Amino acid sequence: MSKYTKQDIIRLVEEEDVEFIRLQFVDICGALKNMAVTTSQLDKVLNNECLFDCGAIEGFAGAERPELYLYPDLDTFEIFPWRPQQGKVARFLCDVYTPEGEPFEGDSRRILKRVIDQAAEMGFDFDIGPECEFFLFDLDEQGGITTNTSEKGAYFDIGPVDAGENARREMILMLEDMGFEITSSFHADAPGQHEVDFKYDSVLQSADNIVTFKLVVRTVARRHGLHATFMPKPKTHAKGSGMHINMAMYKDGKDMFKGEEEGLSKEAKSFIAGVLAHAKGMSLITNPIVNSYKRLVPGYEAPVYIGWSKQNQSPLIRIPTVKGGTRKIELRSPDCAANPYLALAVVLAAGLDGIKKNMEAPKSITTDLRAVDEDAIRQMQIETLPSSLGEAIEAFEKDTYIAEILGEHLADKYLQTKKKEWVSYTRNVSPWEIDEYLERI
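Residues numbered from 1 in each chain as written. Predicted model: local features only at pLDDT ≥ 70, side-chain atom pairs only at ≥ 80, totals over all residues. Heavy atoms only, no water.

**Let's talk about the nonpolar core**
By size, the foremost hydrophobic cluster in this structure holds 125 residues, and its most contacted members are Phe60, Phe92, Phe126, Phe213, Met247 and Ile317. With 12 residues, the single largest contributor to this core is helix H9 (residues 340-356). Non-local contacts of Phe60, meaning those with residues more than four positions away in its chain, are made with Phe25, Val26, Asp27, Ile28, Phe52, Cys54, Leu68, Val96, Phe104 and Gly106. (Core = buried A, V, L, I, M, F, W, Y, C linked by side-chain atoms within 4.5 Å. Buried < 20%, exposed > 50% of the residue type's maximum accessible area, 1.4 Å probe, protein only. Helix = DSSP H or I, 4+ residues; strand = E, 2+ residues; numbered from the N terminus. Contact = heavy atoms within 4.5 Å.)

**So, the packing of aromatic side chains**
Taken as a whole and judged by the stated rule, the model has 19 aromatic pairs. Between the aromatic rings of Phe25 and Phe52, the centroid separation amounts to 4.9 Å while the plane-to-plane angle is 40°, which identifies the pairing as tilted. Linking Phe25 in strand S1 (residues 18-26) with Phe52 in strand S3 (residues 50-53), this pair joins segments that are 27 residues apart in sequence. Take Phe25: its relative accessible area is 5%, and that puts it in the buried class. (Phe/Tyr/Trp six-rings, centres within 6.5 Å; stacked < 30°, edge-to-face > 60°.)

**Let's talk about the pattern of salt bridges**
For the structure shown, the criterion picks out 17 salt bridges. For the salt bridge of Asp162 with Arg168, the shortest nitrogen-to-oxygen distance reads 2.8 Å. For the pair shown, Asp162 and Arg168 are each scored as buried. Each of the salt bridges in this network shares a partner with another, and the network as a whole consists of Asp73, Asp95, Arg109, Lys113 and Asp208. (Salt bridge = Lys/Arg side-chain N within 4 Å of Asp/Glu carboxyl O.)

**Focus on unusual backbone geometry**
Gly159 connects to Pro160 through a cis peptide bond whose omega is 5°. Inspection of the secondary structure assignment puts Pro160 in the loop between strand S7 (125-138) and helix H4 (165-177). For Asp17, which is not a glycine, the phi torsion comes out positive at approximately 55°. The backbone phi angle of Asn48 is positive, close to 60°, even though this residue is not glycine. Tracing the backbone shows Asn48 in the loop between helix H2 (42-46) and S3.

**Some remarks on the state of the cysteines**
By definition, a disulfide links the sulfur atoms of two cysteine residues through a covalent bond. Taken as a whole and judged by the stated rule, the model has 0 disulfides. Cys54 supplies the cysteine sulfur nearest to Cys29, a cysteine that is in no disulfide, at a spacing of 15 Å. A residue is classified by how much of its surface remains accessible, and Cys29, at 23% relative accessible area, is partly exposed. With no disulfide of its own, Cys132 lies 4.0 Å from the sulfur of Cys336, the closest cysteine sulfur. (Disulfide = S-S within 2.5 Å.)

**Brief notes about H4**
Compared with an ideal rise of 1.5 Å per residue, which puts 13 residues at 18 Å, H4 spans 18 Å between its outermost C-alpha atoms and is within 8% of the ideal. Tucked inside the fold, the buried residues of H4 contact S7, strand S8 (182-187), strand S9 (193-198), helix H5 (203-223) and strand S11 (226-229). Just beyond H4, the residue with positive phi is Gly179, at close to 95°. (Expected span 1.5 Å × (residues − 1).)

**Observations concerning the packing of helix H3 (residues 108-121) against H5**
H5 packs onto H3 with a crossing angle of 155° between their chain directions and a minimal axis gap of 10 Å. Classified by the interaxial angle, the pair formed by H3 and H5 is roughly antiparallel. Regarding H3 and H5, the two cross each other, and that crossing is right-handed. Contact residues: Arg109, Leu112, Lys113 and Ile116 in H3; Val203, Leu204, Ala207 and Asp208 in H5. (Axes fitted to C-alpha atoms, helices over the stretch in contact; angles between N-to-C directions. Parallel < 35°, antiparallel > 145°, perpendicular 65-115°, else oblique. Left-handed = near helix turned anticlockwise from the far one by under 90°.)

**Some thoughts on the pairing of strand S12 (residues 243-251)**
Taken across its 9 residues, S12 has 8 buried, putting it largely inside the fold. Pairing between S7 and S12: 8 bridges, direction antiparallel. Residue pairing for S12: Cys132 is matched across the bridge by Met243. In this structure, S12 lies alongside strand S17 (residues 329-331), joined through 3 bridges in antiparallel fashion. Paired with Met247 across the two strands is Ile329, which belongs to S17. Relative to strand S13 (residues 254-255), S12 is paired through 2 bridges, and the arrangement is antiparallel. Considered in S13, the bridge of Lys251 is made with Lys254. (Pairing = 2+ DSSP bridges.)

Next up, the structure:
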């Protein structure tokens, strides 16, 4: 059931003195874009008549479609709490359509909706609980971005050691003003690193929440003279930032992951098997940039081993502890560089593929693989995630199921973009190479 009607929006805009409306959407890589209009154009907005030039948008460009339409999702209407109280600014998240009135095949929000529909056809619906990490870094005297932080905080530290405490508190208050329910927030492991966890919500709402969350965090950080980055590994010797995805699955209101054997149902085991089977192929989506693979290295908390465990955090999937509540499955590899719509789409589709094919999960891993040498791990026949964007590209090309989930247009455009990024990286001479070779070779 929709939260708002067109008349509700018209009334809210008038009562709240909204003057500007931002029509927001993401490109295929998940970067948030928008087009702003004044409220004089509200009728046009509500009638899906806002046209934009898509030529400069990553993955949207094509001579056959120079322009596309933005259809606002009325239930995503929010007033920005950090903007002026007179002449307020509001936003809609939008779906993208062709001039012929068809959903645009490059719209990643549409891809996620399609997977949600596939789950519904199987009788399933999901709740998602994301855990998002980020760094707060200082700005230099000219307002430029640095990777410096003056604080020395670690897990769960408090102020004044946690120098980002005030900024994080304002972020939470802003998010709650926009309808979020935050379950926890705290200083994470590395100096300058923070984590915010949301309440479980429906799949589409959770993806929308991640997009909104990143906007709020960056905006509030700047108000405090800081830069917020969701880059997976901004500092070589510090822990990286992830976006753990916690999932619960229901059928007619029944918890479908809970069962007798190891606390997991047959469906849960098959879901896990599907995610593990497609783990390599979907890494290009869940860990989409060169820097993602600087986080996914042995010796840190981020998982590289394709397996699952009830509590052990070294493999890809963990089954969190519950006391009488819903059984959940946690995927620990994704990071916040991912397009959240595509990441959730491929992860859920992979799990559903496991259920459809009655896949069998391997035995759970009880050994902490971080304390085991590589030879022993090979003897255990445990595979690893791709170690670079180049390997992720190769794995994606082999996993035709993941490409089918994205659709031909988006899969091709996305692959082209990532191949271009990888070639650019491999041809670039890095500071490390200069330091290592220039003097002695």
